[in-house]
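# Structure assessment
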Amino acid sequence: MDVSRPYSAVAPTVEGDVLVVLAGTTHPLTGRQVARLARRGSVAGVAKALDRLGRQGLVTRLEAPPASLYTLNRQHVAAPVAEALAGLRSEFLSRLRDALSTWKIQPVHASLFGSVARGDGVPDSDVDIFVVRPAAVDSEDPTWSDQLADLSDLVFASAGNRASIIDFAEQDIEQTLDENPPVLDELRGAIDLAGISLRELLGRAR
């Protein structure tokens, strides 16, 4: 699944992108604004999608010359589906956070990074997760290993994607900063999932 656009699994056409944009706001938008926020399809293609959705009654059009303004008709029987589509990415992140919160050995830090966090992934992108293990916990600790395996299974069950988990020891963070490996660049824009924030973690190490 494209975790950056999870709704595309069930709504792969531009109509899906349009509905997600309109479900994410109560403010009327012009067709150009919808196209810019959708980041997919041409302005003309989005206009056709808005017209098709309008004929279904799911999108309301208000003339405001020289433009037309569009909103999601939240009284439509299908409006809750559009709102659910818009919330799928948040639901995926919530599942990860909920799972991490139940760990017997809590991570010092955990975050989502890479293409999925940036929002430019593709359907077969790995879900990159950075996890920092407490200093007192060995990498071979069976409880810790089982937790990582369960997290990987959750990612696959929830999205159909492989999880790529970087398991890092807390005591190695300072040395890693000194070495400045490529993964540090990848961590820019990471989404915090558990433990202290990435900013605090790196600040402590420095």
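Below or above, wherever it landed, is the structure these notes cover. Every value quoted in this text rests on a predicted model; they were computed, and no experiment measured them. (Residues numbered from 1 in each chain as written. Predicted model: local features only at pLDDT ≥ 70, side-chain atom pairs only at ≥ 80, totals over all residues. Heavy atoms only, no water.)

### Let's talk about unusual backbone geometry
For the bond running from Pro-65 to Pro-66, omega is 10°, close enough to zero to count as cis. Tracing the backbone shows Pro-66 in the loop between strand E2 (59-64) and strand E3 (67-72). With phi around 55°, Arg-39 is a residue other than glycine that occupies positive phi space. Locating Arg-39 in the fold gives a position in the loop between helix H2 (31-38) and helix H3 (43-55). (Helix = DSSP H or I, 4+ residues; strand = E, 2+ residues; numbered from the N terminus.)

### Brief notes about the pairing of strand E5 (residues 127-133)
The buried fraction of E5 amounts to 7 of the 7 residues, a majority that puts the element mostly inside the structure. Residues Val-127, Ile-129, Val-131 and Arg-133 point to one face of E5 and Asp-128, Phe-130 and Val-132 to the other, with burial holding for every one of them. Where strand E4 (residues 109-113) lies against E5, 5 bridges are found, and the strand directions are antiparallel. The residue of E5 that forms the bridge with His-109 is Val-132. Bridge count for E5 against strand E6 (residues 163-169) is 7 bridges, and the pairing is parallel. Note on E6: the bridge partner recorded for Val-127 is Ala-163. Chirality of the crossover, the property in question, places the unit of E5, helix H7 (residues 142-159) and E6 among those that are right-handed. (Buried < 20%, exposed > 50% of the residue type's maximum accessible area, 1.4 Å probe, protein only. Pairing = 2+ DSSP bridges. Right-handed = clockwise from strand over helix to strand, strands pointing away.)

### Structural notes on empty space enclosed by the protein
Enumeration over the complete set of coordinates arrives at 1 cavity of 30 Å³ or more. The volume enclosed by the largest cavity comes to roughly 60 Å³. In this structure, the largest cavity is lined by Phe-130, Phe-168, Ile-173, Thr-176, Leu-177, Val-183, Leu-184, Leu-187 and Leu-202. At 3 residues, the largest contribution of residues to the lining of the largest cavity is made by helix H8 (residues 173-179). Residues that form the lining of the largest cavity fall into these classes: 8 nonpolar, 1 polar and no charged. (1 Å grid on protein atoms, 1.4 Å probe; cavity = no way out; pocket = protein on both sides within 12 Å on 5 of 7 lines; lining within 4 Å. Points joined across faces, edges and corners; volume = space filled by probe spheres on them. Nonpolar A, V, L, I, M, F, W, Y, C, P; charged D, E, K, R; others polar.)

### Overview of the pattern of salt bridges
All chains considered together, the criterion is met by 12 salt bridges. For the salt bridge of Arg-5 with Asp-17, the shortest nitrogen-to-oxygen distance reads 3.1 Å. Residue Arg-5 is located in the segment before helix H1 (14-23), and its partner Asp-17 is located in helix H1; the two are separated by 12 residues in the primary sequence. The residues Arg-5 and Asp-17 share a single accessibility class, namely buried. Overlapping salt bridges bring together Asp-2, Arg-5, Asp-17 and Arg-40 as one network. (Salt bridge = Lys/Arg side-chain N within 4 Å of Asp/Glu carboxyl O.)

### Observations regarding the nonpolar core
Counting residues in each nonpolar core, the largest one holds 24 residues, and the members touching the most others are Leu-112, Val-127, Ile-129 and Leu-193. Listed by contribution, the elements that provide at least two residues to this core are helix H5 (88-101), E4, helix H6 (115-118), E5, H7 and strand E7 (191-195). It is H7 that contributes the most residues to this core, 5 residues altogether. Aside from chain neighbours lying at most four places away, what touches Leu-193 is Leu-93, Leu-96, Arg-97, Leu-100, Ala-110, Ser-111, Leu-112 and Ile-129. Formed by 20 residues, the second largest nonpolar core is a distinct cluster that contains Leu-19, Leu-22, Ala-23 and Leu-29. (Core = buried A, V, L, I, M, F, W, Y, C linked by side-chain atoms within 4.5 Å. Contact = heavy atoms within 4.5 Å.)

### A short note on the sheet that holds E7
Pairing in this open sheet of 4 strands is mixed, and the strands run E6-E5-E4-E7 from one edge to the other. Every interior strand has two partners, whereas the edge strands, E6 and E7, have only one. The average angle at which neighbouring strand axes cross in this sheet is 20°, direction not considered. Most of the contacts of H5 go to E7, to which it runs at about 20°, and overall it touches E4, E5 and E7. (Axes fitted to C-alpha atoms, helices over the stretch in contact; angles between N-to-C directions.)

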